[in-house]
Each structure stands twice: as structure tokens, then as C-alpha cells.
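Descriptive analysis of the structure
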Number of protein chains: 2
Amino acid sequence: MTFFVEKPVTAADKTFFQLRKDIVEGDIVAGSKLSETELSTKYSVSRAIIREALNRLEFCHLVERKANVGARVVALTSEGLLELYQVRESLEGMAARLAAKNMSDEEVNDLNYLLNAHGANMENGQSYYQEAGDVDFHYRIIVGCKNKHLTSMLIDGLYHLVRMYRVQLGMAGPRVTTAFDEHKHIVQAIANRDGELAEMLMRRHIMYSKHSIQNKLKN
Amino acid sequence: MTFFVEKPVTAADKTFFQLRKDIVEGDIVAGSKLSETELSTKYSVSRAIIREALNRLEFCHLVERKANVGARVVALTSEGLLELYQVRESLEGMAARLAAKNMSDEEVNDLNYLLNAHGANMENGQSYYQEAGDVDFHYRIIVGCKNKHLTSMLIDGLYHLVRMYRVQLGMAGPRVTTAFDEHKHIVQAIANRDGELAEMLMRRHIMYSKHSIQNKLKN
DNA sequence: AGCCGCTATATTGTCGACAATCAACAAAAA
DNA sequence: TTTTTGTTGATTGTCGACAATATAGCGGCT
């Protein structure tokens, strides 16, 4: 497990990473059927490996399987997005609360440093750093919570689905400066070891971006 | 997916269910190594099926795997229990909030009826119904939230690990009457469609039982 | 014409054998 | 004695073939 950080060691790992990438980035279109034999020729591995990869992808909620029928890439719907953000709000909120309790002083300092770097980049108009910066910010807090289940669910499980929505529905958008301020307040709460506040701020932060995305979907 | 409700259709399903049962109930001791060949002879299926089952068990956090080394049943530790309940607090809290919004009036009525039945059983001194009753109570709220990710994570993922701790560390205990009152208040909040309150009460409810278990672990 | 059941085909599920990798032990050098 | 290195044995990873199952198309019946 911990698919995200560790390197692919086995062939199934590599195929899983490749497949996940291709799905998230839309190279394999959402909602399409995934034939095992087809994939095995395409990626030059045996069907057993493809099956292993499909299994893992299912637990990332990136594909759905049905016995004796096959696998499909998950469909991107507004309801699905809503449900996804509801879970994020809950889990990342708790992650922020725990991070306030469990992050080392050094980790908090690093987080502060990261935030300032983003601020400097923004003033130079390099707002395209925001996407990676946002990801990095959330990632550090998740890791900082020191809860295996939480990190596994968020990083191995939900994170890539979030990215899939972002990439394929094009959520680069504005909300850059406001999100930055929200990040700042969250870090401050964590630095003050105020878990309750950190959780509340993180939940509101995710709620806001949910609203932002929902507004875009209406267009 | 949705391992819990659907019936086992394939041989891998059956083996997975059997293995999960044997692990949760301690028939296979916690922390022990799981040899694929050994299991394949024990359960009279091919190694491929065992591997499939082990894959699923890994995503339930019931076993841990390492490439080229093998799988082990998870060890039951007090830290693990704490982390588990932290996630439960977060996810079931959100489930209660969403259930207050999304449950049908009929589902709420059923929940009320269930609760009254438990109360009647308790007055007759049949407190041993509490275990199943508690499970049932939480289960209905989880299903009532109508969020696929949430239900999948809780029911397919965490639920069985919770049960493993309960069974093997013997958490039958008291806390029956107080838990009943807490259940009552939660249902009331849901009936009033007060999601915020329902979430708060559910989180406190789970926090309390966490404390109760932690106290038992100290003895 | 519309519906039902059957066959044919393609896809998934399962298996046993082979290849790759690791852990343990033994042997040799420092 | 301690550390390092090579070998051995066992376990996991990978593969191709076979069996079981579902979908699609066709033909017959009402």
C-alpha cells in the first residue's frame, strides 16, 4: 500500500501507475469499458497483471467492476463530485485537527516556508504554481496528521479522483488569492496548536472550493 | 465492490468472505504471516484466488502486504485502535449530518422504531442485544447518508476492523444505557433534520466509546 | 410485428507451471 | 568475534491455457 510515495517495484505496480495516470488525465475516456485482453496487449503484460491493476483502481474508486461482466472507468457526474467533496471535507478536516496536534515544530516551519514561497510566486503573477501549490499544501497536512488510515484513504484513495475531476473538468480557475488567505489561516491555527479551529477552517476551505466548482458546472 | 450487502458470486468472493471472517474472529491470529500456498491448500482454491482475496483484505486494512515478501494479518495495537476511532469520528459524524438531510421520512421512522425495540429489550434485561443493536443503528445511518464513498469506506473498509477489535479485545462491556440515550438524541436530531447537531452528537458518541475502550485497554 | 428462447461468440474467472526475488544460513575474511 | 558475501531454499510474481459465464444475434412462435 501507500501507492503514492513508494516506487513501483513489480510489473503490476508499474502498470497500475500507468493506467491510473492514463485514466486521471483522460487518455482513457471516463465511462468507457476496460477490456482485460485489450489492455494486456496495449500495455504488453499478461492479463493477470491487468487484473491486479484493475483491482487496485477499483479501490481508488477510479473504475467500477461487476462480476463476470467487466470493468468501466468511473463516470464524472456532478453528484459524484459533490459526494467526493463531502468526504474530503470530513476527512481533511479531521486531518487538519490531528495535524495541529501531531505535526512536529519542524514540519510546521516547513509548511510556513512553503506558504511564503507560494505567496512570493503569486506576487510575481505566477499563479499557475497554485495548482501544484494547493496540492502540496493539502498533502503536507494530510501526512502531518500521522494517522495511517486517514492518509491512506486520502492519498491512495480520494486524491487521484479529485485530480481526475480537476483535470478533465478544467478546474484551474480563479479563487487563487482567496484560497491563499484560507491556507494562511489554517497554517496559523496549526502553528497555534488549535486543532478545533484548524478543522473548522479546513472544512470551510474545502466547502468554498466545492461551491466554486459547482458554480462552474452550472455553466 | 460493496462487499457487505451483495452475495458472493465468484469463488474469490467466497474465499474473501471466509478469510475475512476467520481473521476478524481471531481464528487466524492477529499479526501472523499468511502464506499463499498454505492458504490455497487450506481453502482448496488456487493461489490466484488467494491473491485476489488478500488484495481485498489489504484494502480493508485487515492485512498488510509487502512486495516479494508476503502478507501479514494486522496487529492489534492501542495506537491502531485510536487511529481507527479518529477516522470513525470524522466519517460517521459526516454520515449523520448527511443522513439528516438525505434520509427519507420512512427511513427515519424505521430508525425510530428500531430504537424503541432496543429500549424495550433493554428493560427486559436483554442487554446482549446491544451489540447487534449498536451495529444496526450505526449501519442504518451510514446507509442513510446516501454517499457512495462514505458508505463504502465505512462498511466495506473500517467496519470489519472495528469488529475485529471488538471481538478480540472483548468490548462487550457496559456503556449500554448511556449509549442508548446518545442514540436517542442522535435520531431526534436527524428527525428534526438538524444535520449540524446530528454530526456533533455522533462525534461525541463515538468519542465516548473511544474513551470507554481506552480505559479498558489500560487494565 | 413483437416477444421469447436458443445458439454462438467473446469476455471474465480459475488454474497449474515457470521465473524472479527475498530471507536465512553458512563460510570466509578482517 | 564480527562483518560481509555467496549459496540455497522457499515464497511471491508472472504467464498462457482452459473453464464458466454473460451479451448479442438469430430464428421460431404467438
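Residues numbered from 1 in each chain as written. Chains lettered and ligands numbered in written order. Predicted model: local features only at pLDDT ≥ 70, side-chain atom pairs only at ≥ 80, totals over all residues. Heavy atoms only, no water.

**A closer look at the overall build of chain A**
Regarding its fold elements, chain A presents nine helices and three strands. Ordering the α and β elements of chain A from the N terminus gives α-β-α-α-β-β-α-α-α-α-α-α. Counting across all 219 residues of chain A, residues that qualify as buried make up 50%. Here the analysis covers contacts within chain A between residues at least 6 apart in sequence; of these, 76% occur between residues at least 24 apart. Surface exposure of chain A reaches about 10400 Å², of which carbon and sulfur atoms provide 51%. (Helix = DSSP H or I, 4+ residues; strand = E, 2+ residues; numbered from the N terminus. Buried < 20%, exposed > 50% of the residue type's maximum accessible area, 1.4 Å probe, protein only. Contact = heavy atoms within 4.5 Å. Areas by Shrake-Rupley, 256 points an atom, 1.4 Å probe, with all protein chains shown as cover.)

**So, the domain arrangement of chain A**
All names here are of chain A. Segmenting chain A into domains produces domain 1 (11-73) and domain 2 (78-218). Just the C-alpha atoms count here: the centres of domain 1 and domain 2 sit 28 Å apart. Each partner contributes residues to the interface: domain 1 has ten residues there, and domain 2 has eight residues. Roughly 800 Å² of surface becomes buried between domain 1 and domain 2 when both sides are summed, with 64% attributable to carbon and sulfur atoms. If you look at where domain 1 meets domain 2, you find zero salt bridges. There are three residue pairs in polar contact (both at pLDDT 80 or more) connecting domain 1 and domain 2. In the side of domain 1 that touches domain 2, the residues fall into six nonpolar, two polar and two charged. (Domains from an automatic or database assignment. Buried area = accessible area lost by both parts, 1.4 Å probe. Salt bridge = Lys/Arg side-chain N within 4 Å of Asp/Glu carboxyl O. Polar contact = N/O pair within 3.5 Å; in protein donor to acceptor, adjacent residues only side chain to side chain. Nonpolar A, V, L, I, M, F, W, Y, C, P; charged D, E, K, R; others polar.)

**Describing the side chain of glutamate 199 of chain B**
On the secondary structure map, glutamate 199 of chain B appears in helix H9 (residues 195-218). Other than its neighbours up to four places away in sequence, glutamate 199 of chain B contacts Arg203 of chain A together with Gly93, Met94, Ala96 and Arg97 of chain B.

**Topic: the relation of the copies chain A and chain B**
Screw-axis analysis of chain A against chain B gives a translation of 0.0 Å along the axis, an RMSD of 0.0 Å, and a rotation angle of 180°. Such a combination of rotation and displacement between the chain copies is what one expects of a two-fold axis. Ranked by how close their C-alpha atoms come to the rotation axis, the residues of chain A are headed by serine 90 of chain A, at 2.9 Å. A symmetric contact is evident, with 100% of the interface residues of chain A recurring at the interface of chain B. (Least-squares fit on C-alpha atoms with pLDDT ≥ 70 in both.)

**Structural notes on the protein's contact with DNA strand C**
DNA strand C sits among 21 residues. The nearest are Arg47 and Arg51 of chain A together with Thr10, Ala11 and Ser46 of chain B. Here, DNA strand C places atoms within 4 Å of the protein, and 71% of those atoms are sugar or phosphate. In this structure, glutamate 36 of chain A approaches DNA strand C through a main-chain N or O atom, which is 3.3 Å from a phosphate oxygen. Within the contact set of DNA strand C, a sugar or linking oxygen lies 3.4 Å away from a side-chain nitrogen or oxygen of asparagine 68 of chain B. Listed by contribution, the elements that provide at least two residues to the surface near DNA strand C are strand S1 (33-34), helix H2 (36-42) and helix H3 (47-59) of chain A together with helix H1 (11-24) and helix H3 (47-59) of chain B. With three residues, H3 of chain B is the largest single contributor of residues to the surface near DNA strand C. (Near = heavy atom within 4 Å.)

**Details of the interface of chain A and chain B**
With 36 residues of chain A at the interface, the matching set in chain B holds 36 residues. Between chain A and chain B, roughly 3000 Å² of surface is buried when both sides are summed, and carbon and sulfur atoms account for 56% of that area. In terms of surface lost to chain B, no three residues of chain A exceed Phe59, His149 and Met153 of chain A, which account for 21% of the buried area on that side. Where chain A meets chain B, there are two salt bridges. Counting across the interface, chain A meets chain B through eleven residue pairs in polar contact (both at pLDDT 80 or more).

**Description of the nonpolar core**
Counting residues in hydrophobic clusters, the biggest one holds 114 residues, and the most contacted among them are Leu91, Ile141 and Ile190 of chain A together with Leu91, Ile141 and Ile190 of chain B. Beyond its immediate sequence surroundings of up to four residues, isoleucine 141 of chain B is in contact with Ala95, Ala96, Ala99, Leu111, Ile186, Ile190 and Met202 of chain B. (Core = buried A, V, L, I, M, F, W, Y, C linked by side-chain atoms within 4.5 Å.)

**Some thoughts on the state of the cysteines**
All told, the structure shown has zero disulfides over all chains when counted by the stated rule. Cysteine cysteine 60 of chain B is unpaired, with the sulfur of cysteine 60 of chain A as its nearest cysteine sulfur at 14 Å. (Disulfide = S-S within 2.5 Å.)

**Description of the sheet that holds strand S1 (residues 33-34) of chain B**
Residues and elements named next belong to chain B. Taken in spatial order, the three strands make up an open sheet running S1-S3-S2, and their pairing is antiparallel. In the strand order of this sheet, the two ends are held by S1 and strand S2 (63-66), each with one partner. As defined by bridge partners, S1 adjoins strand S3 (residues 70-73) across two bridges and the pair is classed as antiparallel. Paired with lysine 33 across the bridge in S3 is arginine 72. (Pairing = 2+ DSSP bridges.)

**Topic: the protein's contact with DNA strand D**
What surrounds DNA strand D is a group of 21 residues, the closest being Thr10, Ala11 and Ser46 of chain A together with Arg47 and Arg51 of chain B. A breakdown of the atoms of DNA strand D within 4 Å of the protein gives sugar and phosphate a share of 71%. Taking threonine 10 of chain A, its side chain carries an N or O atom lying 2.4 Å from a phosphate oxygen of DNA strand D. One nitrogen or oxygen atom from the side chain of lysine 33 of chain B is found 3.3 Å from a phosphate oxygen belonging to DNA strand D. Counting residues per element, the ones that place at least two in the surface near DNA strand D are helix H1 (11-24) and H3 of chain A together with S1, helix H2 (36-43) and H3 of chain B. Residue contributions to the surface near DNA strand D peak at three residues, all from H3 of chain A.

**Digging into the sheet that holds S1 of chain A**
All names here are of chain A. Read from one edge of the open sheet, three strands run S1-S3-S2, paired in antiparallel fashion. Here the strands that pair on one side only, and so sit at the sheet edges, are S1 and strand S2 (63-66). Sheet topology note: the S2/strand S3 (residues 70-73) ladder contains four bridges and is antiparallel. Pairing of arginine 65 across the sheet is with alanine 71, part of S3.

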